[in-house]
Amino acid sequence: VVYEQEGVFIHSSCGKNDDQDSLISGVLRVIEKENEVIVDWRPLDDTLDTSNILCAGKDSSSVVEWTQTPKEKCSRGADRPSSYEAEWDMVTTVSFKKKPHSNGDATTHANGESKWSFLFSLTDLKSIKQNKEGMGWSYLVFCLKDDVKLPALHFHHGDSKLLIKCLEKHVVLNESPQDKRVLLVNSQNKSLSQSFENLFDEPSYGLLQKLKKDPYTVTMGRFSKVTNYIFDSFRLSDPSSQRRPPSEMADFLNDAIPGLKINQQEEPGFEVITRIDLGKQPEVTRREPVSAEEWAKNMDSEGRILNVDYIKRLIFKGGLCHTLRKEAWKFLLGYFPWNSTKEERANLQKSKTDEYFRMKLQWKSVSEEQEKRNSRLRDYRSLIEKDVNRTDRTNKFYEGEDNPGLILLHDILMTYCMYDFDLGYVQGMSDLLSPLLYVMENEVDAFWCFVSYMDQMHQNFEEQMQGMKTQLIQLSTLLRLLDSGFCSYLESQDSGYLYFCFRWLLIRFKREFSFQDILRLWEVMWTELPCQNFHLLLCCAILESEKQQIMDKHYGFNEILKHINELSMKIDVEYILCKAEAISMQMMNCKELPQAVSEILGIESSSVTPDSDTGEDESGAVLSCPTSLYQSISTPVIAANGTRDSTQQMSETQSLTPA
């Protein structure tokens, strides 16, 4: 059972009086069977004793009053009051045409039991009609391919959109051009779960079924412990049976995110990236973290930041000392406007505090009985509790089972579900919140910083995964330019889809670095320097660092996946930041940078080399990201190998080049 909803009623229009509709309460389920998906509705009381049927009485003000019908047979009045809502009138026109040999037939027994029950296979579904918004309870009318129209199902205790989302995992639904309320089933495009039905035998791919249905859970959980996970999951139940070839596994993983096309060179409309010599990677150094004194010097008497570009560059090159993070992160994430005064920020916090606790009160005031009838809220709470219990406890802020930090994590995530109920909670969000709460040490500030961060990360968690598809494609494009030979090797080992980077991108490396290192990494990325999508260059830096071992040891599909996942907590954050910045400089210095790469990095001009003194080309055009961008920052530096050189200093008095 992949979907279950109680409180789904059939309005039988057989009330004793003219102002009554008989309401038959039932349970709607979507059931996955071996070769098909079944939609099943049946009354809570299969005997359908008419004394238990609820009726809705409607007065002139459209207020619904609940009554019960007597046991005697219901009859329908000829005329209906003119004050009826349009919804009720529409429902009475829906007929239940019985046809022999149809999956949509109602099961009628001699004793009258289960008279209204029905079930049908999704392969027989033709269309779904929805009600108009704002017209009372939401309802759906299923029409089958043999033109059978099933009784309208009214969702008294839940949202019918959840059912639509469930069905979209198995069939493609398109809005009818004639009527926006009608969703047509596209039989030519079966869902992923159906198109791979015959690819593997049932006992042999249970884990990959989970990957297909919920890639978030699998990559967050299973991949973090991977050893022979992929290969083992393809073994048949018979131990003597042979493994399937790796190419089949790669194809399956590549299609686990529908629409993902990594090998762009074979796709029409994509730019073919030929081998380009990017030259030697320049040596890059980093400086000490921004101090409280440096931060204060860049603020006027009213609390405004004087030079935003300058302070961002300082943060990019060295990060922040921990005492500054509570204040500076609010600017970096967009919670505080950079040009705001101290007084304006205090007023903003006051209004945001009121707004937060109003939203928190919404879910806090939901009773257990109410939550039982709200499947979505119930599911959100269950997911949040599981994820909060898995929070990284290496930081003292989250030590212990009843730690206040864990309680606040739970409350903030539940409140976010009120803030964005459509997105709700998806596994991985707690990873993004826990560092924010640790730094802010304040429930309200942590929530609004999380909201701002989720504005950036929203697409990663949407059901269609469009954000993840785009990033994996962009990463492949950048890696191919950086090292086409390594890309070719990965493709030869059926690893060209870069699916092992999924977790890196989903939660911005949260599980790859230590807690303290992730604070440094995130604040550097939030500066949005030195270019767009710097996090993709961080991925390239990590992969390039591991290239030699992967290729020298001739790692195959399984070994590559295992090796990448075992890098967790072993990556030097300062080294990777230096390497990623060096890669960005390589690409921005390239005279013939492909247009696709220019767009990914947000570089306006890609065909010229910046002048080392002016940052201009021969025609006077200024590049969006000149290589001299950071030469005005004073730095006790850290080289790419991690050593500190206190003798190198850069002048603070040089003019600053805008980013």
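Worth saying up front: this structure is predicted, and the values here are computed from it rather than measured.

So, about the overall build of the protein. Per the secondary structure count, the protein includes 24 helices and 14 strands. When each of the 659 residues of the protein is scored for burial, the buried share is 51%. For the protein, the share of sequence-separated contacts (at least 6 apart) that also reach a separation of at least 24 residues comes to 66%.

Another aspect to go through is the pattern of salt bridges. Tallied over the entire structure, the rule returns 27 salt bridges. K326 is the salt-bridge partner of E441, the closest N and O atoms lying 3.0 Å from each other. Linking E441 in the loop between α15 (429–440) and α16 (443–457) with K326 in helix α10 (residues 322–332), this pair joins segments that are 115 residues apart in sequence. With a closest N to O distance of 2.6 Å, E523 and R520 form a salt bridge. In this pair, E523 and R520 are both assigned in helix α20 (residues 515–526), three residues apart and thus about one turn of the helix distant. Linked by salt bridges that have partners in common, R286, R325, R520, E523 and E574 make up one network.

Turning our eyes to something else, we now look at the packing of aromatic side chains. Overall, the coordinates contain 25 aromatic pairs when judged by the stated rule. Here Y356 and F447 contribute two aromatic rings whose centre-to-centre distance is 4.9 Å and whose plane-to-plane angle is 55°, an arrangement assigned as tilted. A residue pair is termed long-range when its members are at least 10 positions apart, and Y356 in helix α11 (residues 342–364) and F447 in helix α16 qualify at 91 residues. For F447, a relative accessible area of 0% puts it in the buried group. With 6.2 Å between their ring centres and 35° between their planes, W504 and F509 make a pair best called tilted. Both residues of the pair, W504 and F509, belong to the buried class. An aromatic cluster is present here, built from Y356, F357, Y416, Y419, F447, W448 and F450 joined pairwise through their rings. Over the ring of W448 we find K352, and its NZ or CZ is 4.1 Å from the ring centre.

Right, let's talk about the layout of surface pockets for a bit. Quantified by volume, the second largest pocket comes out at close to 510 Å³. Lining the second largest pocket are 22 residues, and of these Q456, M457, R508, N533 and H535 lie nearest its centre. Grouping the constituent residues of the lining of the second largest pocket by class yields seven nonpolar, twelve polar and three charged. If you count residues domain by domain, the lining of the second largest pocket takes at least three from each of domain 2 (246–319 + 464–603) and domain 3 (322–460).

Our next topic: the packing of α11 against helix α14 (residues 404–419). Orientation of α11 relative to α14, taken along the N-to-C sense of each, is 95°, at an axis distance of 9 Å. One finds that α11 runs roughly perpendicular with respect to α14. Contacts between α11 and α14 involve Y356, M359, K360, Q362, W363 and K364 from the first element and H410, D411, I412, M414, T415, M418 and Y419 from the second. Residues belonging to the contact of α11 with α14 are distributed by class as follows: seven nonpolar, three polar and three charged.

Of all eleven residues that make up helix α9 (residues 308–318), nine are buried, and the element is covered over most of its length. Of the residues making up α9, those classed as buried are Y310, I311, K312, R313, L314, I315, F316, K317 and G318. Along its buried surface, α9 packs onto β12 (285–286), α8 (292–297), α10, α20, α21 (534–552) and α23 (573–589). With a side-chain oxygen lying 3.4 Å from the backbone nitrogen of D309, the N-terminal cap of α9 falls on N307. One or two positions beyond α9, positive phi appears at G319, with a value near 80°.

A few words on the packing of α11 against α16. As a packed pair, α11 and α16 sit with axes 10 Å apart at the nearest point and diverge in direction by 90°. Relative to α16, α11 is oriented roughly perpendicular. Contacts between α11 and α16 involve Q349, K352, T353, E355, Y356, F357, M359 and K360 from the former and E443, V444, D445, F447 and W448 from the latter. For the contact of α11 with α16, the residue count by class is six nonpolar, two polar and five charged.

Okay, the environment of F397 next. Looking at the secondary structure, you find F397 in the loop between α13 (375–389) and α14. Overall, the relative accessible area of 24% leaves F397 in the partly exposed class. A sequence separation of 37 residues divides F397 from S434, and the C-alpha atoms of the two residues are 9.5 Å apart. Contacts of F397, omitting those with residues within four sequence positions, involve N403, G405, L437 and Y438.

The next point concerns the environment of D411. Here D411 is to be found in helix α14. You can call D411 buried: its relative accessible area is 7%. Remark: the alpha-carbon pair of D411 and K360, spanning 51 residues in sequence, is separated by 7.6 Å. For D411, the residues in contact, after removing those within four places along its chain, are Y356, K360, W363, K364 and E443.

Let us look at the side chain of E523. For E523, a relative accessible area of 0% translates into the label buried. In this structure, E523 is in contact with I315, G319, L320, R325, W329 and L332, ignoring residues within four places of it in sequence.

We now examine the nonpolar core. Residues M429, F461, F509 and M587 are the most contacted members of the largest nonpolar core, which totals 122 residues. Counting contributing residues per domain, this core is built from domain 2 (246–319 + 464–603) and domain 3 (322–460), each supplying no fewer than three. Formed by 29 residues, the second largest nonpolar core is a distinct cluster that contains I10, W41, V148 and L150.

Cut-offs applied
Residues numbered from 1 in each chain as written. Predicted model: local features only at pLDDT ≥ 70, side-chain atom pairs only at ≥ 80, totals over all residues. Heavy atoms only, no water. Helix = DSSP H or I, 4+ residues; strand = E, 2+ residues; numbered from the N terminus. Buried < 20%, exposed > 50% of the residue type's maximum accessible area, 1.4 Å probe, protein only. Contact = heavy atoms within 4.5 Å. Salt bridge = Lys/Arg side-chain N within 4 Å of Asp/Glu carboxyl O. Phe/Tyr/Trp six-rings, centres within 6.5 Å; stacked < 30°, edge-to-face > 60°. Lys NZ or Arg CZ within 6 Å of the ring centre and 35° of its normal. 1 Å grid on protein atoms, 1.4 Å probe; cavity = no way out; pocket = protein on both sides within 12 Å on 5 of 7 lines; lining within 4 Å. Points joined across faces, edges and corners; volume = space filled by probe spheres on them. Nonpolar A, V, L, I, M, F, W, Y, C, P; charged D, E, K, R; others polar. Domains from an automatic or database assignment. Axes fitted to C-alpha atoms, helices over the stretch in contact; angles between N-to-C directions. Parallel < 35°, antiparallel > 145°, perpendicular 65-115°, else oblique. Polar contact = N/O pair within 3.5 Å; in protein donor to acceptor, adjacent residues only side chain to side chain. Core = buried A, V, L, I, M, F, W, Y, C linked by side-chain atoms within 4.5 Å.

Shape descriptors only; they carry no functional weight alone.
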